[in-house]
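Next come the chains, spelled out residue by residue.
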Amino acid sequence: MLVSSTSACLRRAASSSARANASRSLATAAADLGFESSTVDGIKMATKDIAGPITTLSFVIKAGSRYATVPGVAHALQRFAYQNTPKRSGLRLTRETELLGGSLTSELTRDSIILTARFLKDDLPYFFEALSDVFAQPTLARHELAEIVGPLLKLDAKLADADATFVASEGINSAAYRKGLGLPLYAQATDAISIDTVRAYKDAVYTKSNLAIVASGADISTLSDLVSSYLETAPAGTASSTPASTFYGGELRIPTTAGNLLSFGYASDVSPTFNVLASVLGGASSIKWSYGASLLSTTAGKAYAKVTPYNGSSLLTITATGSPAEITSAGAAAVDALQTVAAGVSPEILKKGIAGAKFDALYALEGPAGLASVGKTLLASGSVPAASSIVSEIESVTAESVKSLAEKILSEKIAAVAVGKVSELPYADELGLKA
């Protein structure tokens, strides 16, 4: 009997020890995103040396639309990526990339221009040299602007105007921030962008102090050697200053045939409370064929909340889509959801909101898009984001702070934009909001 009892105790102890070890392993994984970081020749770097045959390499440059000296110039500079340089023509770069089975992309955000290469791991030296060449020595020829880049700018703008979600995003940023983050992401048809303007902007922002190099599938020592080989002579420059973003608010109504959409939002300094409130409101289900159980699930997928993180600011938006009648109903439901939160957040709802916010924040640091996020943080703070710090900040959010943020959105001036058949879409004050 004693032997049996002792054996049972030992089994329980072993089981408890195993669970404790598993918990410690999970905590370690959560605390470390796996990046090593360094600074070489004034250039910040971070890399995750994961196993596998593919490497992703991103040059994240602090040169997004918020820093544009002339509206649209950041868009033009982004579209000059992979054109001619003194070392190789754009055609040669395309052919060599295809020969090696790689891919090259460029992306413009409000904070950054991101140049990304994906390729077989053994081809890292070639693609690092190619991106360095594009970054440090673009020709920026006058005929390229007229014949290649200019038409691409018009195409981007045309496609964007046909996307109601993009139109609303531009409108909500304009109403929220006016300048800086409120500047248009893309060049407009009326923007007069000269080659001299593009060259001046390139000289100001394509510098070591504005560059973060982030990779997955590469080791830090190899990247350090490549930086010394190919970017040693790049201009050091001065980091682009990021003025504090001011939230203004206001209402825009944009008639378009691209679709109907209503969006309203509120911005402030970066705060995890925004992420938790967005998670509590929800709207976008995490399970296929289900609307979920969030507060906005009652809109049957017609309304959702999200947070757009910028350097120095968080923008929380609630967006309703569908027909004008569906949008009116979903908009009213969104205001009801905010009023529910403003009345108080139960421990269960807060726990679920915190869990969702943690997942969203950590998932945003995964994959190719995650490299851009890591690079942006590296430029802003000088260090790689730590999963443990992100989790700790989100877990520190209280029910009272979430309640207070909902009360602010309901009582203070917000940013609002209606897109589509604006004559049939509600105004913010018709929903009980102030814009």
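Everything below is about the structure shown above.
Below is a short write-up of the structure. All residue numbers here refer to positions counted from 1 along the written sequence of the relevant chain. Whole-chain, interface and lining totals are the exception, using all residues; otherwise, since this is a predicted model, local features are given only for residues with pLDDT of at least 70 and side-chain atom pairs are given and counted only at 80 or more. Remark: hydrogens and water are excluded; side-chain values derive from all non-hydrogen atoms of the structure.

Two strands qualify as a pair provided that DSSP identifies no fewer than 2 bridges between them. Each helix is a run of H or I in the DSSP string that is no shorter than four residues. Each strand is a run of E no shorter than two, and both are numbered from the N terminus. In space, the five strands of this open sheet follow the order β7-β11-β8-β10-β9, with mixed pairing throughout. Of all the strands in the sheet, just β7 (250-255) and β9 (303-310) have a single pairing partner and so form its edges. With direction set aside, neighbouring strand axes in the sheet form an average angle of 15 degrees. Only the stretch in contact is used when a helix axis is fitted, and all axes are lines through C-alpha atoms; the angle between N-to-C directions ranges over 0 to 180 degrees.

Turning our attention to the environment of R79. Checked against the element boundaries, R79 lands in helix α2 (residues 73-79). Each residue is assigned to one of three classes by its accessible area relative to the maximum for its type, calculated with a 1.4 Å probe on protein chains only: buried under 20%, partly exposed between the two thresholds, exposed over 50%. Classification of R79 as partly exposed rests on a relative accessible area of 25%. In sequence terms R79 and G150 are 71 residues apart; their C-alpha atoms lie 8.8 Å from each other. In what follows, a contact means two residues having at least one pair of non-hydrogen atoms within 4.5 Å. Setting aside chain neighbours within four positions, we find R79 in contact with V149, L152, L153 and D156.

Oppositely charged side chains can form a pair if their charged atoms are brought close together. Put simply, a salt bridge is a Lys or Arg side-chain nitrogen that is within 4 Å of an Asp or Glu carboxyl oxygen. Enumeration according to the criterion identifies 15 salt bridges in this entry. Close ionic contact of R79 with D156 constitutes a salt bridge, the shortest N to O distance being 2.9 Å. Of this pair, R79 sits in helix α2 while D156 sits in helix α5 (residues 142-161), placing them 77 residues apart in sequence. Note on D156: relative accessible area 11%, which makes it buried. Of the charged contacts in the structure, one is a salt bridge between R92 and E96, with a shortest N-O distance of 2.6 Å. Here the residue R92 and the residue E96 both occupy positions in helix α3 (residues 90-99), the gap between them amounting to four residues, near one helical turn. Residue classification places R92 among the partly exposed positions, given a relative accessible area of 40%. On the accessibility criterion, E96 (19% relative accessible area) is buried.

By convention, a stacked pair of Phe, Tyr or Trp rings (six-membered ring in the case of Trp) has centres within 6.5 Å and planes under 30 degrees apart, an edge-to-face pair has planes over 60 apart, and any other such pair is tilted. Within the structure shown, the criterion is met by 11 aromatic pairs. A centroid spacing of 5.2 Å and a plane angle of 20 degrees characterise the contact between F135 and Y206, whose relative ring orientation is stacked. A residue pair is termed long-range when its members are at least 10 positions apart, and F135 in helix α4 (residues 124-136) and Y206 in the loop between α7 (195-205) and β6 (211-216) qualify at 71 residues. Relative accessible area serves as the criterion here: at 0%, F135 is assigned to the buried category. What makes Y206 buried here is its relative accessible area of 4%. Chaining the aromatic ring pairs together yields one cluster made of F59, F128, F135, Y206 and Y230. Above the face of the Y427 ring, R253 is positioned so that its terminal group lies 3.6 Å from the ring centre. By definition here, charges over rings are those cases where NZ of Lys or CZ of Arg is within 6 Å of the ring centre and within 35 degrees of the ring normal.

A word on the pairing of strand β2 (residues 43-48). β2 sits mainly inside the fold: five of its six residues count as buried. Where strand β1 (residues 36-40) lies against β2, five bridges are found, and the strand directions are antiparallel. Paired with S38 across the strands is M45, a residue of β2. Hairpin connection from β1 to β2: two residues lie between these consecutive antiparallel strands, with D41 at a positive phi of about 55 degrees.

By convention a nonpolar core is built from buried Ala, Val, Leu, Ile, Met, Phe, Trp, Tyr and Cys residues, the set being connected through side-chain atoms within 4.5 Å. With 60 residues, the main nonpolar core has F264, V276 and L281 as its most contacted residues. Per-element accounting of this core gives the leading share, eight residues, to helix α10 (residues 324-342). Residues in contact with V276, not counting those within four places in the same chain, are L350, G353, I354, A357, I394, V397 and V402. In terms of nonpolar packing, the next biggest core, distinct from the first, is built from 53 residues, L77, L115, Y206 and L226 among them.

This next bit is on α7. I195, T197, V198, Y201, K202 and V205 are the residues of α7 that are buried. Each buried residue of α7 lies within a common arc of 155 degrees when the element is viewed along its axis, so the set occupies one face. Taken from the helix axis, the directions to the C-beta atoms give the arc we talk about.

Here the focus is the sheet that holds β1. Judged by pairing direction, the sheet is mixed, and its six strands sit side by side in the order β1-β2-β6-β3-β5-β4 without closing on themselves. Here the strands that pair on one side only, and so sit at the sheet edges, are β1 and β4 (103-108). Within this sheet the neighbouring strands show an average axis-to-axis angle of 15 degrees, counted without direction. For β4 and strand β5 (residues 113-120), the ladder comprises six bridges, and the chain directions are antiparallel. Paired with E107 across the strands is I114, a residue of β5. Strands in contact with helix α8 (residues 220-230) are β1, β2, β3 (54-61) and β6; relative to β2, the strand with the most contacts, it is inclined by about 150 degrees.

Considering the arrangement of structural elements, one finds T299 in the loop between α9 (272-281) and β9. Linking T299 and A387, residues 88 residues apart in sequence, is a C-alpha distance of 33 Å. Beyond its immediate sequence surroundings of up to four residues, T299 is in contact with A330 and A333. Distance and chemistry together define a polar contact, namely a pair of N or O atoms within 3.5 Å, with one atom able to donate a hydrogen and the other to accept it when in protein, and with adjacent residues in sequence counting only for side-chain atoms on both sides. Looking at T299, its side chain comes within polar contact range of the main-chain oxygen of L296, at 2.7 Å.

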